[in-house]
Amino acid sequence: MKRIPIILDGDPGHDDAIAWVLANASPVLDIRGVTSSCGNQTIEKTTYNALRVCTLINLHVPTAKGRFKPLIAEPIIAPTVHGESGLDGPELPEPDFDVVDMDAATLMAKIIRESDEPITIVPTGPLTNVAALLLAHPELKENIKQISLMGGGVEYGNWTPAAEFNILVDPEAADVVFKSGIPIIMAGLDVTEKAMIFPEDFQRIRALGNHVAIIVAEWLEFFYQFHRTLGYEGAPVHDAVAVAALIKPEIMESKDLYVEVETTGDFCRGATVADFNHVLNVVPNAKVLMGIDRQAFVDLLVEAISVYGEVAE
């Protein structure tokens, strides 16, 4: 099987970290680079977390620090969800490598330009870095195969009634991405809220016994603490869906829709508005994921986590 070359871009973040664990374990994906974004925490913290996660899973590829703030807006962070570090919970190894001497958009451009086949970008945080890439290097669009992103929700939001967090943090960047003409796979709340990992699944992962498995189980337990206060029965691992969509698309249900991002408005800034009824008579710009086989998703995660290292003593 020919592997899909990808760039991981995110703001880890428990669900970003689990997404990267999944991506790194998959024989389907070829990770060419990693970039950090400002989102769940400040760029300094998310970059440190990115390096720690990559060190944990032995993913040593060129890694770059993203922009310190959204394109126009001021940063929004989420310590109530992910903790003060942005990745609270189990102790992680200190980074055993450092970021490269270029920013995220520049590294992305270098990887895309030097690749002998089109690259897929997998953003699981705000789309700031991807928009910066597209604005600075429009000539590279034809070398980007697709963008499989976690963000938005065509039915509802989570940070506001209308907007999902990643899009709300930088709606202007999301607007650039959705209008880019590049094929988009959109893993929004419509599907990620169904990608629920229940406490019994945490224990199944922990029982794998390797060091990464134990840390993932503890990440899930921490992440669940917040969601339990909202009445959730488990932890929705949003970001891993954007990766799973590349590895096992057959477990997803989707609709091809035209999606626009609302960049203004008192109540709907950051909303991803889908033309369900084709009233605009325009070509769809996104494959919007709407459903997922939850058990198959859990099985995929467990299978991926099982490949990491020796059983911890």
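Residues numbered from 1 in each chain as written. Predicted model: local features only at pLDDT ≥ 70, side-chain atom pairs only at ≥ 80, totals over all residues. Heavy atoms only, no water.

1. Some points on the sheet that holds strand β12 (residues 286-292)
Across a sheet, strands are paired by hydrogen bonds formed along the backbone, either parallel or antiparallel in direction.
Step number 1: Taken in spatial order, the 8 strands make up an open sheet running β3-β2-β1-β4-β5-β6-β12-β9, and their pairing is mixed. Here the strands that pair on one side only, and so sit at the sheet edges, are β3 (63-64) and β9 (252-257). (Pairing = 2+ DSSP bridges. Helix = DSSP H or I, 4+ residues; strand = E, 2+ residues; numbered from the N terminus.)

2. Focus on the environment of Val 122
Step number 1: Residue placement: Val 122 occurs in strand β4 (residues 119-123).
Step number 2: Residue classification places Val 122 among the buried residues on the basis of a relative accessible area of 1%.
Step number 3: When the C-alpha positions of Val 122 and Val 34 are compared, they lie 9.6 Å apart, and in sequence the two are 88 residues distant. (Buried < 20%, exposed > 50% of the residue type's maximum accessible area, 1.4 Å probe, protein only.)

3. A few points about the side chain of His 238
Step number 1: Of note, His 238 is situated in helix α11 (residues 238-247).
Step number 2: Look at His 238 and you get buried, because its relative accessible area is 7%.
Step number 3: Of note is the side chain of His 238, whose polar atom sits 2.7 Å from the side chain of Thr 192.
Step number 4: Those residues in contact with His 238, other than ones at most four positions away along the chain, are Asp 15, Met 150, Leu 189, Thr 192, Glu 193, Phe 223 and His 227. (Polar contact = N/O pair within 3.5 Å; in protein donor to acceptor, adjacent residues only side chain to side chain. Contact = heavy atoms within 4.5 Å.)

4. As for the environment of Leu 51
Step number 1: Assignment of secondary structure puts Leu 51 in helix α2 (residues 43-56).
Step number 2: Residues Leu 51 and Val 34, spaced 17 residues apart in sequence, show a C-alpha to C-alpha distance of 9.2 Å.
Step number 3: When residues no more than four places from it in sequence are discounted, the contact partners of Leu 51 are Thr 63, Pro 95, Phe 97, Asp 98 and Val 99.

5. Here's the deal with the pattern of salt bridges
Step number 1: A complete count under the given rule lists 13 salt bridges for this structure.
Step number 2: Here Glu 117 ties to Arg 32 by a salt bridge, and the two come within 3.9 Å at their closest N and O atoms. You can see Glu 117 sitting in the loop between α4 (104-114) and β4 and its partner Arg 32 sitting in strand β2 (residues 29-36), a full 85 residues away along the chain.
Step number 3: Where Glu 218 meets Arg 206, a salt bridge forms, and the shortest distance between an N and an O atom there is 4.0 Å. You can see Glu 218 sitting in helix α10 (residues 211-229) and its partner Arg 206 sitting in helix α9 (residues 199-206), a full 12 residues away along the chain.
Step number 4: Residue Arg 206 is classed as partly exposed on the basis of its relative accessible area, which comes to 27%. (Salt bridge = Lys/Arg side-chain N within 4 Å of Asp/Glu carboxyl O.)

6. Concerning the nonpolar core
Step number 1: Core analysis: the biggest nonpolar cluster contains 70 residues, and Trp 219 and Phe 297 have the highest contact counts within it.
Step number 2: In terms of residue count, the dominant contributor to this core is α10 (9 residues).
Step number 3: If sequence neighbours within four positions are ignored, Trp 219 has contacts with His 14, Ala 17, Ile 18, Val 21, Val 53, Leu 56, Leu 87, Asp 88, Pro 90 and Leu 92. (Core = buried A, V, L, I, M, F, W, Y, C linked by side-chain atoms within 4.5 Å.)

7. Some remarks on the side chain of Thr 47
Step number 1: Here Thr 47 is to be found in helix α2.
Step number 2: By relative accessible area, which is 7% here, Thr 47 ends up buried.
Step number 3: Setting aside residues up to four positions removed in sequence, Thr 47 forms contacts with Ser 36, Lys 65 and Val 99.

8. Overview of unusual backbone geometry
Step number 1: Of note, the bond from Pro 12 into Gly 13 is cis; its omega dihedral lies within 30 degrees of zero at -5 degrees.
Step number 2: Phi at Asn 58 is positive, roughly 60 degrees, even though this residue is not glycine.
Step number 3: Mapped onto the elements of the fold, Asn 58 is located in the loop between α2 and β3.
Step number 4: The phi dihedral of His 278 falls on the positive side, at around 55 degrees, and the residue is not glycine.
Step number 5: Inspection of the secondary structure assignment puts His 278 in the loop between β11 (272-274) and β12.

9. Some details on a nonpolar patch on the surface
Step number 1: A surface patch of nonpolar side chains, amounting to about 280 Å² of accessible area, comprises Val 279, Leu 280 and Val 282.
Step number 2: With respect to the helices, strands and loops of the structure, Val 282 is situated in the loop between β11 and β12. (Patch = residues over 30% accessible without salt bridge, like charges linked within 9 Å, V, L, I, M, F, W, Y side chains within 5 Å. Areas by Shrake-Rupley, 256 points an atom, 1.4 Å probe, with all protein chains shown as cover.)

10. A word on the pairing of β2
Step number 1: When you tally the buried positions in β2, you get 6 out of 8 residues, the bulk of the element.
Step number 2: Here 7 bridges tie strand β1 (residues 4-10) to β2, and the two strands are oriented parallel to one another. The residue of β2 that forms the bridge with Ile 6 is Ile 31.
Step number 3: In terms of handedness, the path from β1 via helix α1 (residues 14-25) over to β2 forms a crossover that is right-handed.
Step number 4: Sheet topology note: the β2/β3 ladder contains 2 bridges and is parallel. The partner of Val 34 across the bridge, within β3, is Thr 63.
Step number 5: The β-α-β motif built from β2, the intervening α2 and the parallel element β3 has right-handed crossover chirality. (Right-handed = clockwise from strand over helix to strand, strands pointing away.)

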